[in-house]
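Single-letter residue listing:
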Amino acid sequence: MRPTRALSRANALTPTVRAALASASAQADAAADAASAPGPSETTVNGWVRSVRAHKNVAFAEVDDGSGASVQAVLKGGTADGITLGASVRLRGTLLPSRGRGQALELQVAEAAVLGPSDPDAYPIQKKALPAPVLREHAHLRFRTTQTAAVMRVRDALARDWHDWFEDHEFVHVHTPVLTSSDCEGAGEVFTIAQSLPGPTADAPPPFFPRPTNLSVSGQLHLEAPTHALGRAYTLSPAFRAEPSMTSRHLAEFYMLEAEVAFVDELGGLLDVAEAAFRGVLSRLLAYDSRRAVRARADLTRIAELAAVEGEGEGGEGERHADADADAGPLDHLLAAATTPFARITYTDAVALLADEHAAVPFAHAPTWGDGLSSEHEKWLAGTHFNGPVFVTDYPAPLKPFYMLPSGPEAASAAPGPTVACFDLLFPGIGEMAGGSMREHRLDELRARMAEHGLSEAEYDWYLDLRRFGSVAHGGWGMGWERWVCWVTGVGNVRDVVAFPRWAGSCRF
Ligand SMILES: NC(=O)C[C@H](N)C(=O)O
């Protein structure tokens, strides 16, 4: 059957720089195998000018189209006119072996068109790396830096890897709502919605929704509903927290990957599922030879190289984790986590370990049973003591939200107070990467916990229905997506792995 016009027009996507380079080198290899001279490869590339070096008779421009490869364009005669830093260009020419260092092929340009000019003196993104805080001021243009472009591609690849893992394990992706009248975590960190603005008359219009509404802090409660029908569900959705934290690990708007599993009877089983997911996803990134995985590994190497160069100067684009191992390769920490079982320890045992350490080398905050673990405690556990991801389980009940199931008998009997069947998954350099729990699935116990937390039964009636009709033991977890991207890439601040970061005091763009 002949393709329709609409189908043939789908071919309007021109080859990317990456594809053009790949096909030119494949042609050269084939010619070498056949012991014949490679025919020159005529091609057209589109992109933005990253740098220009002009000599008397020739100019060299690096042209990047975001595909993960850039090309060195050799411009002779009048072809270099208007080719300035930041300009968008279309170049027609021949890809030939390069005489310069740094690239195998270069584009000998026959014809050049400037599509969108750029004043190089006014253009904020210079070839020389800019400090991360300066780039955040130009978040709309920082995609043009090698670092941010590579981070965006890795972020994309990671999301697809997780989606694939979940699909392979028969989880259903559900989009949980952003607008909600519940506060899942009960921490009072919600952004509320102003539903009606005072009008010109005394009669204020009725509110849009009958109840106060806020932006979701977590999709968990909503995700539990489909889990009681689909069995396994997950979401990668935006979450919002109005916490004034100014740390490198907090954003006011972030993405959260949350998963929920029915018919898991105890915490150990839930940890097994979470661990299999994390390690499975890393294996895809490390071992697969898909185009996605190959490009992600190249990007991780590129990000690390940039950070190494900038590390020698003053804080360039690549702010790294404080305790990132400078001598390790960019994939080493991923390989270690993929191939080594994650450590598991109860909160009670972790506090004892921390107390021993505190006696020898004091922390700023003394570890005390009943208090949350501070970030320095978390980093010591994952970074120094276990030197890898560690599940800390069974925290004191008063530290945790209403929906968690009490601990199993073993953990409960070893603790000096009531604990819940939950975990925080700590990663080196990051601290808390994910948190989850078994959920209280017994109706009466859940109602009692809600009463203790001052939650209105009327408001959470729908959630209680899940316990009234066909309740099952279940559990789940949530992971801060930007923390995951930071840990994988080695980038030290969540503001630099999201397209447009929002934090207390900053919502530009
Ligand atoms: N889905 C989860 O278990 C995440 C949890 N609701 C949190 O926000 O920490």
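What you see as residue numbers is a count from 1 along each chain, following the sequence as written. Local features in this predicted model are restricted to residues whose pLDDT is 70 or higher, and side-chain atom pairs enter the listing and the counts only when it is 80 or higher, whereas totals over whole chains, interfaces and linings include all residues. Neither water nor hydrogens contribute to the side-chain values; these are computed over all heavy atoms in the structure.

Per an unreviewed UniProt entry, the protein chain is named asparagine--tRNA ligase, and its organism is Vanrija humicola. Quoted verbatim from the Sequence similarities (unreviewed entry) field of the UniProt record, the comment on the protein chain reads "Belongs to the class-II aminoacyl-tRNA synthetase family." UniProt positions are given in the numbering used here, feature names are shortened, and annotations may be inferred rather than shown by experiment.

The next thing to look at is the confidence of the model for the protein chain. Low pLDDT marks regions whose predicted coordinates should not be analysed in detail. When pLDDT is averaged across the protein chain, the result is 91; 93% of the residues are at 70 or more. Looking at any residue, its pLDDT shows the predictor's confidence there, from 0 to 100. In this description, contact between two residues means that some pair of their heavy atoms is separated by no more than 4.5 Å. Contacts from residues 312-318, a stretch scored under 50 in pLDDT, to residues over four places away or in other chains number 17 contacts. At the level of chain-chain contacts, confidence expressed as ipTM amounts to 0.98, with global pTM at 0.93.

Once that is clear, we can look at unusual backbone geometry. Even without being glycine, E170 reaches a positive phi, approximately 65 degrees. Starting at the N terminus, helices and strands are each numbered in turn, a helix being any DSSP run of H or I of at least four residues and a strand any DSSP run of E of at least two. Mapping E170 onto the fold places it in the loop between α4 (146-168) and β6 (172-173). Throughout this description, buried means an accessible area under 20% of the type-specific maximum (1.4 Å probe, protein chains only), exposed means over 50%, and partly exposed covers the range between. Residue E170 is classed as exposed on the basis of its relative accessible area of 63%. With a phi close to 60 degrees, D394 is a non-glycine residue in the positive phi region. In this fold, D394 is placed in the loop between β12 (390-393) and α11 (409-414). Looking at D394, the relative accessible area reads 7%, which means it is buried.

Pairing between strands requires that DSSP locate at least two bridges from one strand to the other. Read once around its circumference, the closed barrel built from 5 strands follows the order β1-β2-β3-β5-β4, with strand pairing classed as mixed. Ignoring which end each strand starts from, the neighbouring axes of this sheet average 55 degrees apart. Where strand β3 (residues 70-76) lies against strand β5 (residues 105-116), 3 bridges are found, and the strand directions are parallel. Residue pairing for β5: A73 is matched across the bridge by L107. Angles run from 0 to 180 degrees between N-to-C directions of axes, and those axes are lines fitted to C-alpha atoms, restricted for helices to the stretch in contact.

Before going further, it helps to spend a moment on the site of the ligand. In the neighbourhood of the ligand, 13 residues make up the surrounding shell, with E185, Q220, R241, E258 and R439 lying closest. Residues adjacent in sequence count toward polar contacts only when both atoms are side-chain atoms; beyond that, a polar contact is any pair of N or O atoms within 3.5 Å, and within protein one must be able to donate a hydrogen and the other to accept it. E258 places a polar side-chain atom, nitrogen or oxygen, 2.6 Å from a nitrogen atom of the ligand. All accessibility values rest on the Shrake-Rupley procedure with a 1.4 Å probe; residue burial counts only the protein chains present in the view. Within the complex, 90% of the 270 Å² of free accessible area of the ligand lies under protein. Polarity classes work like this: nonpolar for Ala, Val, Leu, Ile, Met, Phe, Trp, Tyr, Cys and Pro, charged for Asp, Glu, Lys and Arg, and polar for all others, with Gly in that last group. A class-by-class count of the residues in the shell around the ligand yields 4 nonpolar, 5 polar and 4 charged. Whether a residue is near a molecule or strand depends on its heavy atoms: if one lies within 4 Å, it is near.

Right, let's get into the packing of helix α5 (residues 220-230) against helix α13 (residues 461-468). Running from N to C, α5 and α13 point in directions that differ by 35 degrees, and their axes come no closer than 10 Å. The chirality of how α5 crosses α13 is left-handed. Between α5 and α13, the residues in contact are Q220, L221, H222, E224, A225 and H228 and W462, Y463, L466 and R467, respectively. Broken down by class, the residue content of the contact of α5 with α13 amounts to 5 nonpolar, 3 polar and 2 charged. Two helices cross in a left-handed way if the nearer one is turned anticlockwise from the farther one by less than a right angle. They cross in a right-handed way if the turn is clockwise.

It is worth spelling out the domain arrangement of the protein chain at this point. Structurally, the protein chain comprises domain 1 (16-123) and domain 2 (142-194 + 209-496). Taking the mean C-alpha position of each, domain 1 and domain 2 sit 43 Å from one another. Counting from both sides, the interface comprises 8 residues of domain 1 and, opposite them, 7 residues of domain 2. Accessible area that two parts lose when put together, evaluated with a 1.4 Å probe and summed over both, is termed the buried area. For the pair domain 1 and domain 2, the summed buried surface comes to about 670 Å²; carbon and sulfur atoms form 34% of the total. Per-residue buried area on domain 1 facing domain 2 is highest for R18, R50 and G68; these three make up 61% of the total on that side. Each reported salt bridge corresponds to a side-chain nitrogen of Lys or Arg within 4 Å of a carboxyl oxygen of Asp or Glu. Linking domain 1 with domain 2 are 0 salt bridges, by the criterion used here. Residue ranges assigned to each domain were obtained from an automatic or database domain assignment.

Once that is clear, we can look at the packing of aromatic side chains. Pairs were defined over the aromatic rings of Phe, Tyr and Trp, the Trp ring being its six-membered one, requiring ring centres within 6.5 Å. Orientation was assigned from the angle between planes: stacked under 30 degrees, edge-to-face over 60, tilted for the rest. Tallied over the entire structure, the rule returns 26 aromatic pairs. A ring pair is formed by F278 and F342, whose centres lie 6.4 Å apart and whose planes are at 55 degrees; its orientation type is tilted. Taken together, the residues F278 in helix α6 (residues 267-287) and F342 in the loop between α8 (332-339) and β11 (343-346) connect sequence positions 64 residues apart. Judged by centre distance (5.6 Å) and plane angle (75 degrees), the rings of F402 and Y403 are edge-to-face. When sorted by exposure, F402 lands in the same class as Y403, which is buried. Three or more aromatic residues joined by ring pairs make a cluster, and in this case those are W162, W165, F166, F171, Y234, F278, F342, F391, F423, F427, W484 and W487. Both a distance and an angle decide whether a charge sits over a ring: NZ of Lys or CZ of Arg must be within 6 Å of the ring centre and within 35 degrees of the ring normal. When the ring centre of Y463 is taken as reference, the NZ or CZ atom of R467 above it lies at 4.2 Å. Of note, R495 hangs over the ring of W503, and the distance from its end group to the ring centre comes to 3.8 Å.

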